[in-house]
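Inside the fold
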Amino acid sequence: FFVPQRPYIIEGTLRDQLLYPDTADSQRARGATQGEGARDAELRAMLEALDLGHLLGFGGGLDATEPWKDMLSGGEAQRTGAQDP
């Protein structure tokens, strides 16, 4: 398993950041979701496991759109890229 020193941080929602390079829309199109509620619970649990639960505190939770590149520390950025949803 490889975790890049400087992971790629995308513009968009926290959900988009966690699912990258996939997107929620492409997962829905493929029928890959377990239902939005179940998927959201999985993403929240993943954030907690990576000690990133505080990111859910931004307005909008998983749908929060922030300048993630500027807001995440190096370690936080690595952990968002280390997940496999």
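This section reports on the structure supplied with the text.

In this section: the side chain of Asp40. Its place among the elements puts Asp40 in helix H3 (residues 36-49). Taking the relative accessible area as the measure of exposure, Asp40 reaches 14% and is therefore buried. Look past the residues within four positions of Asp40 in its chain and what remains in contact with it is Arg15 and Leu62.

Both the distance between ring centres and the angle between the ring planes are used here to describe each pair of aromatic rings. This structure, assessed with the given rule, holds 2 aromatic pairs. Residues Tyr8 and Tyr20 carry aromatic rings whose centres are separated by 5.3 Å and whose planes lie at 45° to one another, so their mutual orientation is tilted. Residue Tyr8 is found in the segment before helix H1 (14-19), and its partner Tyr20 is found in the loop between H1 and helix H2 (24-30); the two are separated by 12 residues along the sequence. Pairing Phe58 with Trp68 gives two aromatic rings, centres 5.7 Å apart and planes at 85°, and the pair type is edge-to-face. A residue pair is termed long-range when its members are at least 10 positions apart, and Phe58 in the loop between H3 and helix H4 (68-71) and Trp68 in helix H4 qualify at 10 residues.

Reading guide: rules and limits
- Residues numbered from 1 in each chain as written.
- Predicted model: local features only at pLDDT ≥ 70, side-chain atom pairs only at ≥ 80, totals over all residues.
- Heavy atoms only, no water.
- Helix = DSSP H or I, 4+ residues; strand = E, 2+ residues; numbered from the N terminus.
- Buried < 20%, exposed > 50% of the residue type's maximum accessible area, 1.4 Å probe, protein only.
- Contact = heavy atoms within 4.5 Å.
- Phe/Tyr/Trp six-rings, centres within 6.5 Å; stacked < 30°, edge-to-face > 60°.

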